[in-house]
Amino acid sequence: MKKLIQEPLVHFLLFGLALFALYGLVNEKDDGANIIVIDDYDMKNIIASWEMQWKRLPTDEELKSLIQQNIKQEIFYQEALKMNLDHNDEIIKRRLAQKMQFLSNDLATITEPSEEDLIDFFEQNADNYLSPYSFSFYQIIFSPDHRNDPKKDALDLKTKVETSDPEQVKNQGDSMPFPYFFENTDANELQRQLGNKFSEELENLVVGQWQGPIKSGFGYHLVYIVDKTAPQRPEFESIRNELLRDLEYSNQQKLDQLIFAELKKKYEIEYELDPEKFDESFVAYLKER
């Protein structure tokens, strides 16, 4: 018996029982109001959650077990609330705030945008849907892995071949794992292969002569552009689904801001910050937001 009393697990059990007994005394008057109702809506959710995970309906025994798990979860949840265990819990705060956000999102989708709304949105935001630049060009690369001064070597070759036909200088430069000729390649693909800066610099080059060098992560490139297509405005119908998705998202964001602004009016926000770390201008900025 003496050995049993010395076990840490027994200490933990006794402490837990004492804690719940103390809590029970403090909240004795509320015990009569503890009612948990399992209704058809709960059963539907329990079964749907199981079916989503296991791709079949639960058996009778599984369903009984699920209901017991649900009751246990609800009891623990209710008791945790009474013990204020949710107070200052960042995870719970974030989750509840997300639920408020979902509510505003649902409100925004109740009214589907009309055809006129969609067209207006397209006209006001047409620049966001332009196709990217597209290029057909030859390139000769000078890699720092093979040369002491690749930029100088590129400039030297450019003075010799500036107006030469690309096929005549095909074997110049260094061999790398991308083509000598890029045909109808859009800016997005070039950014993936050679970087954003390379693609942006192509936009400013003229067609029909060797230019550069342009730097990429692989080295310095001489470039001969054969064809360059500026961004084009797409047909409305070709991006209808994308427009609808973006308009609904835009409406959700606006409604979210409106709801937040209205709710914020109910609160007075005070800042009690260390003035040595946060000066008056910083606090003034926060108060204006």
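Notes on the structure follow. (Residues numbered from 1 in each chain as written. Predicted model: local features only at pLDDT ≥ 70, side-chain atom pairs only at ≥ 80, totals over all residues. Heavy atoms only, no water.)

1. Regarding the packing of aromatic side chains
- Applying the stated criterion across every chain yields a total of 11 aromatic pairs.
- Between the aromatic rings of tryptophan 50 and tryptophan 54, the centroid separation amounts to 5.6 Å while the plane-to-plane angle is 40 degrees, which identifies the pairing as tilted. Pair noted here: tryptophan 50 and tryptophan 54 are both in helix α3 (residues 40–54), with a separation of 4 residues, about one helical turn.
- Classification of tryptophan 50 by relative accessible area gives buried; the value is 14%. (Phe/Tyr/Trp six-rings, centres within 6.5 Å; stacked < 30°, edge-to-face > 60°. Helix = DSSP H or I, 4+ residues; strand = E, 2+ residues; numbered from the N terminus. Buried < 20%, exposed > 50% of the residue type's maximum accessible area, 1.4 Å probe, protein only.)

2. Topic: helix α8 (residues 187–194)
- Along α8, the residues classified as buried are Ala187, Leu190 and Leu194. Along the long axis of α8, the arc covered by the buried residues comes to 55 degrees, so they all point the same way.
- If you check the start of α8, you find a side-chain oxygen 3.0 Å away from the backbone N of asparagine 188, and it comes from aspartate 186.
- Note on α8: the residue one or two positions beyond its end, glycine 195, has a positive phi of about 100 degrees. (Arc of directions from axis to C-beta. Polar contact = N/O pair within 3.5 Å; in protein donor to acceptor, adjacent residues only side chain to side chain.)

3. A short note on helix α10 (residues 240–264)
- A rise of 1.5 Å per residue sets the reference length of α10, with its 25 residues, at 36 Å; its end C-alpha atoms lie 36 Å apart and thus fit the reference within 8%.
- Regarding α10, the residues found buried are Leu243, Leu247, Ser250, Gln252 and Asp256. (Expected span 1.5 Å × (residues − 1).)

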